[in-house]
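Structure assessment
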Amino acid sequence: MLRRRMETSLPNGACIRPSFRIRALTVALLVATGWPARANDSAAELSIGGLQIVRTNDVAMESEILSIGLDRISVRYQFANVTAKPVTLTVAFPLPDIDLSEAENIALPSNDPINFVDFETRVDGSPAPLTVDQRAMVGNRDVSALLRELKLPLLPIGGREIRVSDLPAATRTRLVDDGLMMPAGMSDNGRQQYAPGWIIKTSAVRQQVFPPMRTVTVEHQYRPSVGSSPDTILRPSLRRSSALGQQVARYRKEYCVQDTFLAELDKRAGSNQTNSANLQERRISYVLKTGANWAGPIRSFKLTIDPGGNDRLVSFCPGRLKASSATGNTLEYTANNFKPDADLKILVIGTF
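These remarks concern the structure in this document. All values reported here derive from a predicted model rather than from experimental measurement. (Residues numbered from 1 in each chain as written. Predicted model: local features only at pLDDT ≥ 70, side-chain atom pairs only at ≥ 80, totals over all residues. Heavy atoms only, no water.)

**Considerations on the overall build of the protein**
In terms of regular secondary structure, the protein is built from 6 helices and 22 strands. Out of the 352 residues in the protein, the part that is buried amounts to 51%. The long-range fraction of contacts in the protein, counting pairs at least 24 apart against all pairs at least 6 apart in sequence, stands at 77%. Summed over its atoms, the accessible surface of the protein is roughly 16,300 Å², and 48% of this surface lies on carbon and sulfur atoms. (Helix = DSSP H or I, 4+ residues; strand = E, 2+ residues; numbered from the N terminus. Buried < 20%, exposed > 50% of the residue type's maximum accessible area, 1.4 Å probe, protein only. Contact = heavy atoms within 4.5 Å. Areas by Shrake-Rupley, 256 points an atom, 1.4 Å probe, with all protein chains shown as cover.)

Structure representation (structure tokens):
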């Protein structure tokens, strides 16, 4: 989890406006129910997908097997060059932008400031490293060189967190004057806090050759950014609160929550105002629809969702995917001649 609040004695300024919906939800829960949770008990998920290739009519997707779990996402692709000559394409793993000025709580699964989701790629069984480029931006201005000049990390996580109060006064003033540090409220002792005000843009790419008239197997895995809350807005005592009506409606739409799901949840949660069953939420957002750049649809597609426990409830919008036989506690969905037209937003509720 990424927490960005730093205390300094610089002149006061206005507070930033948090934009993550998870913080708004937490505040609504506190107001509506007196739920005794701190805002930083929750974490917002980042939307991440799989590999993408540049748009082409020369390479088809024979199959895609996508496995989504709370601790690992893996994808196995089979690409087929349908021409009689080698085709070289750019293969990319689009990583989400990280806006540090708005990110008090973001679920980052790794403390690696470059590969912050621990991604790995293999082609036909052999490691296939991607070239990573990372930049820090303030508006349209690239401030990466300035941060390096000041010996500051582009992505300040793990052991590379920035303590503003420890920086030389000239450095602190320059960061604020150049828009790299933003006011972030006041500390308990009344001192102004600041947070990094830049956006991290990370790209990971490689050039891949697809030999003529043969299949290339590409395997890709990483640790997902998992959103979390120590309670769930769908518990009956919260769901029926008028103050949370819009949030509940959004949940039902985004995750295609059915009445049968709510009925089972109500059995487990009971009617108590407090969360006596210790139910929690986990959320994964997977970018699926923007990857369809190959020739034709995916001839065979399979999705497996592993919630990590038999007692956990899962809800998402399957679209044209058809449920198949589940194995153990996993859910399986398949489709033939599949063209993704929506992203996946998966909700898991249970004890963790």
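**Here we look at the state of the cysteines**
Working definition: the covalent bond between the sulfur atoms of two cysteines is a disulfide. A full pass over the atoms with the stated rule returns 1 disulfide. Residue cysteine 256 pairs covalently with cysteine 317 via a disulfide, S to S 2.0 Å. Between cysteine 256 and cysteine 317 the sulfur-sulfur dihedral comes to about 105 degrees; the bridge is accordingly right-handed. Residue cysteine 256 is found in the loop between α5 (245-254) and α6 (259-269), and its partner cysteine 317 is found in the loop between β19 (313-315) and β20 (322-324); the two are separated by 61 residues along the sequence. Under the relative-accessibility criterion, cysteine 317 is labelled partly exposed at 24%. (Disulfide = S-S within 2.5 Å.)

**Re the environment of threonine 83**
By the element assignment, threonine 83 lies in the loop between β5 (73-81) and β6 (87-94). Here threonine 83 falls in the buried class, since its relative accessible area comes to 15%. In this structure, the C-alpha to C-alpha distance between threonine 83 and proline 212, residues 129 residues apart in sequence, is 5.8 Å. For threonine 83, the contacting residues outside a window of four places in its chain are Asp58, Pro212 and Met213. Among the polar contacts listed, one links the side chain of threonine 83 to the side chain of asparagine 81, at a separation of 2.8 Å. (Polar contact = N/O pair within 3.5 Å; in protein donor to acceptor, adjacent residues only side chain to side chain.)

**Things to note about the packing of aromatic side chains**
Given two aromatic rings, their pairing is described by the distance between the two centres and the angle made by the two planes. Enumeration over the complete set of coordinates arrives at 7 aromatic pairs. Arranged with centres 5.1 Å apart and planes meeting at 40 degrees, the rings of phenylalanine 93 and tyrosine 222 form a pair that is tilted. Taken as a pair, phenylalanine 93 in strand β6 and tyrosine 222 in strand β15 (residues 215-222) lie far apart in primary sequence, 129 residues in all. Each member of the pair, phenylalanine 93 together with tyrosine 222, is buried. In this structure, arginine 282 packs its charged tip against the face of phenylalanine 352, placed 4.2 Å from the ring centre. (Phe/Tyr/Trp six-rings, centres within 6.5 Å; stacked < 30°, edge-to-face > 60°. Lys NZ or Arg CZ within 6 Å of the ring centre and 35° of its normal.)

**So, the pattern of salt bridges**
Under the counting rule described, the total for this entry stands at 16 salt bridges. As a salt-bridge pair, arginine 268 and glutamate 264 come within 3.1 Å of each other at their nearest N and O atoms. With a gap of 4 residues between them, arginine 268 and glutamate 264 both fall in helix α6, about one helical turn apart. Across the pair arginine 283 and glutamate 281 runs a salt bridge, and its minimum N-O distance is 2.8 Å. Neither residue differs from the other here; arginine 283 and glutamate 281 are each classed as buried. (Salt bridge = Lys/Arg side-chain N within 4 Å of Asp/Glu carboxyl O.)

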